[in-house]
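The chain contents come next:
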Amino acid sequence: MDNNKRPETMERITTKELADKFIEEQIREVREQVGDKKVLLALSGGVDSSVVAALLIKAIGKQLVCVHVNHGLMRKNESENVVELFTNQLDANLVYVDATDRFLDLLAGVSDPEKKRKIIGAEFINVFADEARKLDGVAYLAQGTIYPDILESIKQAEGKKAVKSHHNVGGLPEDLKFDGLVEPVKLLFKDEVRVVGEALGLPHAMVYRQPFPGPGLGVRCLGAITRDRLHALREADAILRDEFDKNGLAEKVWQYFVVVPDVKSVGVKDESRYEGWPAIIRAVNTKDAMSATIEEIPYAVLHKITARITAEVEGINRVLYDLTPKPVGTIEWE
């Protein structure tokens, strides 16, 4: 049987009872797989990797080493929040790595979306390998792969054109000395991962936090990434999230974010000509990430967001709203 294909008989995990059963099975399988060896987890702080961390802490405790890499493509205050949650609240064995310059230097001048994803994915592996060499007894790499990631990559493996590649699917390079991957939620859809997270006792706010891609803002800073445009994107995204929180939209919309393309248009600021980037808002709802519908945001909220972004964020002079569902568009722009 292909371990990367979900069995047709597998029940959808919709209740705590089913989640508890899944957790028990995964704890048993993880313990059988890793024995007394250490496991290195790529902990982004998103829902998927956080649920994996909680599950593995329950299964193997301090044998798990969580590595949080700040690749310079995180949302505003993201890394600080991850460190606080996992060190102070969950008592995780956490290693924090600031690799901002390392990633941005590699990405300089790279505009092709697939090349950007591959650079980020490869460098993640390199960073984890560097950290693994500092530790004794680390034999496995854990990842927050979920089933939509697998489905996209299966297309590519079958010779079909995948929508995009995923940095956390496909195994390890041969030169790395890990015995294998630990991917306990790889057959679950996003909604099932959330049910499992709550069954594990994770905070509701964390389990239902915004989904965030592995490459982070790197796939939302469209084209070749520059530090000034990346900063503008991060600030605009923070304003969007703040206004959604204030207006009760945070848990009504599955995913909402800003993208900033590498194009400029003419605007007016302080009675002078002002060339700036557009900030494009995307807000979608979905059950399984395979299709998505557009959320209708009240105009009053959109006007407030627009006013704040254009007034508070240097370099942005327009705010647009993306009305494209999936399909034909993907959830992310890159």
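No experiment lies behind these values; they were computed from the predicted model shown.

Q: Would you take a moment to explain helix α7 (residues 190-199) for this structure?
A: Extensive coverage of α7 is indicated by the burial of eight of its 10 residues. Close packing links the buried residues of α7 with α1 (16-34), α2 (47-60) and α8 (204-207).

Q: It is not clear to me how the packing of helix α9 (residues 227-246) against helix α10 (residues 299-312) should be interpreted in this structure. Could you clarify?
A: Helices that pack against each other are described as a pair by the angle of their axes relative to one another and the distance between those axes. It is at 10 Å that the axes of α9 and α10 come closest, and there the two elements cross at 150°. When the interaxial angle is binned, α9 and α10 end up roughly antiparallel. Once α9 is placed against α10, the crossing between them reads as right-handed. Residues Ala236, Ile239, Leu240, Asp242, Glu243, Phe244 and Lys246 of α9 pack against Lys304, Ile305, Arg308, Ile309 and Glu312 of α10. Here the residues of the contact of α9 with α10 sort into six nonpolar, no polar and six charged.

Q: What am I meant to see in the packing of aromatic side chains here?
A: Aromatic ring pairs are defined here through the distance separating the ring centres and the angle between the ring planes. Under the counting rule described, the total for this entry stands at three aromatic pairs. Aromatic pair phenylalanine 103 and phenylalanine 124: ring centres 5.6 Å apart, planes at 65°, arrangement edge-to-face. Highlighted residues: phenylalanine 103 in helix α4 (residues 100-107) and phenylalanine 124 in helix α5 (residues 113-133), separated in sequence by 21 residues. Judged by its relative accessible area of 10%, phenylalanine 124 is buried.

Q: Quick question: what am I supposed to make of the sheet that holds strand β2 (residues 64-70) here?
A: In a beta sheet, neighbouring strands are held together by backbone hydrogen bonds and run either parallel or antiparallel to one another. Spatial strand order, β3-β2-β1-β4-β5: five strands in an open sheet with parallel pairing. Strand pairing shows two members of the sheet lacking a second neighbour, β3 (94-98) and β5 (180-182), which therefore form its edges. Adjacent strand axes in the sheet meet at a mean angle of 30° when their direction is disregarded. Where strand β1 (residues 38-42) meets β2, four bridges bridge the pair, whose relative direction is parallel.

Q: What is the right way to read the packing of α1 against α2 from this model?
A: Between α1 and α2, whose axes approach to 9 Å, the crossing angle comes to 65°. As for how α1 packs across α2, the hand of that crossing is right-handed. Only Leu55, Leu56, Lys58, Ala59 and Ile60 of α2 make contact with α1, whose side of the interface consists of Phe22, Ile23, Gln26, Ile27, Val30, Arg31 and Val34. Of the residues in the contact of α1 with α2, the class split is nine nonpolar, one polar and two charged.

Q: Looking at this structure, how should I read the pairing of β1?
A: The two faces of the sheet receive side chains in turn, since in a regular strand these alternate between them. Across the five residues that make up β1, a large majority, four, are buried. Bridge analysis of β1 against strand β4 (residues 138-142) gives four bridges, and the strand direction is parallel. If you follow leucine 41 over to β4, its bridge partner there is alanine 142. Where the polypeptide runs from β1 across α2 and back to β2, its parallel neighbour, the crossover connection is right-handed.

Q: What exactly am I supposed to notice about the confidence of the model for the protein here?
A: When pLDDT drops low, the exact placement of atoms in the prediction is not to be read closely. On average, the protein scores 90 in pLDDT, and the residues at 70 or more come to 93%. Every residue in residues 162-167 is under pLDDT 50, and counting partners more than four places away or in other chains gives 23 contacts.

Q: Which parts of the structure should I look at to understand the nonpolar core?
A: Soluble globular proteins tend to pack their nonpolar side chains together in the buried interior. Formed by 50 residues in total, the largest nonpolar core has its most connected members in Leu40, Val69, Phe244 and Ile309. At seven residues, the largest contribution of residues to this core is made by α9. Ignoring anything within four residues of it in the chain, the contact list for isoleucine 309 reads Ala236, Ile239, Ala279, Ile316 and Val319. Counting 42 residues, the second-largest nonpolar core is a separate cluster that includes Ile23, Val39, Val51 and Leu55.

Criteria and thresholds
Residue numbers run consecutively from 1 along every chain, following the written order of its sequence. Residues qualify for local features only when their pLDDT is at least 70, as the model is predicted, and side-chain atom pairs are given and counted only at 80 or more; totals for whole chains, interfaces and linings, by contrast, use all residues. In computing side-chain properties, one takes all heavy atoms of the structure into account and sets aside hydrogens as well as water. Relative accessibility thresholds used throughout: buried, under 20% of the residue-type maximum; exposed, over 50%; partly exposed, between the two (1.4 Å probe, protein chains only). A run of H or I in DSSP counts as a helix once it spans at least four residues, and a run of E counts as a strand once it spans at least two, with each numbered from the N terminus. Contacts are residue-level and defined by heavy atoms, with any inter-residue pair within 4.5 Å sufficient. A fitted line through C-alpha atoms serves as each axis, taken over the contacting stretch for helices, and the angle formed by two N-to-C directions is quoted from 0 to 180°. An angle counts as roughly parallel when it lies under 35 degrees, as roughly antiparallel when it exceeds 145, as roughly perpendicular when it falls between 65 and 115, and as oblique in every other case. Helix crossings get a hand from a simple test, with the near helix turned counterclockwise from the far one by less than a right angle marking a left-handed crossing and a clockwise turn marking a right-handed one. Residue polarity follows a fixed list, in which Ala, Val, Leu, Ile, Met, Phe, Trp, Tyr, Cys and Pro are nonpolar, Asp, Glu, Lys and Arg are charged, and the others, Gly among them, are polar. Within 6.5 Å between ring centres, the rings of Phe, Tyr and Trp (the latter by its six-membered ring) count as paired, and their orientation is classed by plane angle as stacked under 30 degrees, edge-to-face over 60, tilted in between. Two strands form a pair only when DSSP identifies at least two bridges running between them. Consider the strands pointing away from the viewer: the crossover is right-handed when the path from the first strand over the helix to the second runs clockwise. Confidence of the predictor at the level of single residues is captured by pLDDT, which takes values from 0 to 100. Buried residues of nine kinds, namely Ala, Val, Leu, Ile, Met, Phe, Trp, Tyr and Cys, make up a nonpolar core once their side-chain atoms join them within 4.5 Å.

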